[in-house]
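This is what each chain is made of:
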Amino acid sequence: MTGGPDAVLVMGEALIDLVPGPDDPGTHRAQPGGAPANVAAGLARLGTPSWFAGALGGDGFARLIEERLVLAGTELGLCARSELPTALAVADPGPDGTGYHFHLQDTATFRLPERVSDVGRFGAVYAGGLAAVVPPAADAVAATARAGAEHSVLVVDPNVREDRTLDGSAAHRLRELCARAHVLKVSDEDVTALWPGTAPDETCARLAGENRLVVLTRGAAGSTAFTRDGARTSVPAVRVDVVNTIGAGDAFMAAVLSWLADAGAFRDGGAARLPGGRAAEMLAFASQVAASVVAQSGTEPSRPRPGGRTPLSAPRPATGTAARGARPARTADCAPPAPPSPGAPDSGVR
């Protein structure tokens, strides 16, 4: 069992999104999802070693999820197994994004163990999504995150949405998780839900001042990075013809992590000290990767071409840990997005 200084342990859920068919909204197709699983698969497709520490059930949906993760190149050696069914999220796409209706109880998805003893082998530990607040997974996520903050770089995406009701306990758990993070990715919706009454920029600046890198996404308004020295760096959203918004935020998160890994920023607190120019490169890369998801019907991201915004299709990885040691060429120096074509909508990320 290995990890590495540039490898990421991803803690959380893998479930099935039931998405309305493009030709018949009355029918739904099964699509592997779950924010942490999307991040794990996205990392592997972008060339960053990822280990998914979730739980898979014993039904056909679980086999579909496993196939997706394995084909992406994600390691499953820390993934728990159960004969229980897989959790479902029924997607309800709309003009302002996608809402969900969840079927979570008595599923394998949230029967995941803590991974406290494993975090030290990884450059970063990602935590977030539903598993951070849904029992019994929430306690395992919290314990692993505490250890990750002590022995690694803890990366958190609370992934709050208006359709996901937060009671007092859940909101407290997420704020506590965010407070431990070294790298925090939040949407404007996340900030409004967790820290009401304060402008998102003010909240993010305060959180960054506590010695962390904070990345704020604003949909069509683009994204901003806040660093501990008070600097703010913003990048506009890439403009593409929007086909799908499911998984765009997770692709953005995976791209941020992949960029930081390539930049060596998991070592010695480098993420929190990221200078403004480098932060702009990171955001531009993440925005282009997210656009590669928005412009297609699936959720699998692609690396952008260096200097441009046209995505490169990631090759199917070879199986085995050794084969995944070879990583694609870095794109940390990719330029900001090219000017949009007239009338193309923003691929904004939340």
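Residues numbered from 1 in each chain as written. Predicted model: local features only at pLDDT ≥ 70, side-chain atom pairs only at ≥ 80, totals over all residues. Heavy atoms only, no water.

It is worth spelling out helix α4 (residues 168-180) at this point. Taking 1.5 Å of rise per residue, the 13 residues of α4 would be expected to cover 18 Å, and the 19 Å separating its terminal C-alpha atoms lies within 8% of that figure. Buried within α4 are the following residues: Ala170, Ala171, Leu174, Leu177 and Cys178. Angular distribution of buried residues about the axis of α4 spans 125 degrees; they occupy a single face of the element. Of the surrounding secondary structure, the elements contacted by the buried residues of α4 are β9 (122-128), α3 (137-151), β10 (153-157), β11 (183-187) and α5 (188-194). (Helix = DSSP H or I, 4+ residues; strand = E, 2+ residues; numbered from the N terminus. Expected span 1.5 Å × (residues − 1). Buried < 20%, exposed > 50% of the residue type's maximum accessible area, 1.4 Å probe, protein only. Arc of directions from axis to C-beta. Contact = heavy atoms within 4.5 Å.)

Let's shift gears to the packing of aromatic side chains. In total, this model carries one aromatic pair according to the counting rule given. For the ring pair tryptophan 51 and phenylalanine 122, a centre distance of 5.9 Å and an interplane angle of 75 degrees mean the geometry is edge-to-face. Placement of the pair is tryptophan 51 in strand β4 (residues 50-53) and phenylalanine 122 in strand β9, with a sequence separation of 71 residues. Overall, the relative accessible area of 5% leaves tryptophan 51 in the buried class. (Phe/Tyr/Trp six-rings, centres within 6.5 Å; stacked < 30°, edge-to-face > 60°.)

With that out of the way, let us pick up the packing of helix α1 (residues 35-45) against helix α2 (residues 60-72). Packing of α1 against α2 brings their axes to within 8 Å, and their N-to-C directions diverge by 25 degrees. Between α1 and α2, the angle falls in the class roughly parallel. Here Ala37, Asn38, Ala41, Ala44 and Arg45 of α1 come into contact with α2, specifically with Arg68, Leu69 and Ala72. Each residue belonging to the contact of α1 with α2 can be placed in one class, and the counts come to five nonpolar, one polar and two charged. (Axes fitted to C-alpha atoms, helices over the stretch in contact; angles between N-to-C directions. Parallel < 35°, antiparallel > 145°, perpendicular 65-115°, else oblique. Nonpolar A, V, L, I, M, F, W, Y, C, P; charged D, E, K, R; others polar.)

To continue, consider the pairing of β4. Across the two faces of β4 the burial is the same, with Ser50 and Phe52 and Trp51 and Ala53 all buried. When strand β1 (residues 4-11) meets β4, the two strands line up parallel, connected through four bridges. In the strand pairing of β4, valine 10 is matched with phenylalanine 52. (Pairing = 2+ DSSP bridges.)

This paragraph deals with the pattern of salt bridges. Under the criterion given, the structure shown has 11 salt bridges. With a shortest N-O distance of 3.2 Å, aspartate 6 and arginine 267 are connected by a salt bridge. With a gap of 261 residues between them, aspartate 6 in strand β1 and arginine 267 in the loop between α7 (248-262) and α8 (276-294) connect regions that are remote in the sequence. Look at aspartate 6 and you get buried, because its relative accessible area is 19%. In this structure, the salt-bridge partner of aspartate 139 is arginine 173, at a minimum N-O distance of 2.6 Å. (Salt bridge = Lys/Arg side-chain N within 4 Å of Asp/Glu carboxyl O.)

This next bit is on the nonpolar core. Formed by 53 residues in total, the largest nonpolar core has its most connected members in Phe52, Tyr126, Leu213, Leu257, Leu260 and Met282. Tallying contributions element by element places α7 first for this core, with 10 residues. Other than its neighbours up to four places away in sequence, tyrosine 126 contacts Val8, Leu9, Val10, Met11, Ala35, Pro36, Val39, Val155, Asp157, Met253 and Leu257. Listed in part, the 52 residues of the second largest apolar core include Leu15, Leu177, Cys204 and Leu216. (Core = buried A, V, L, I, M, F, W, Y, C linked by side-chain atoms within 4.5 Å.)

For the rest of this paragraph, the subject is unusual backbone geometry. The omega angle of the peptide bond from proline 135 to proline 136 is 0 degrees, so this bond is cis rather than trans. Residue placement: proline 136 occurs in the loop between β9 and α3. For aspartate 106, which is not glycine, the phi dihedral falls at a positive 55 degrees. Here aspartate 106 is to be found in the loop between β8 (97-103) and β9. The backbone of asparagine 211 shows a phi angle near 70 degrees, a positive value even though the residue is not glycine. Checked against the element boundaries, asparagine 211 lands in the loop between α6 (200-208) and β12 (213-217).

All we've got here are geometric facts, nothing functional implied.
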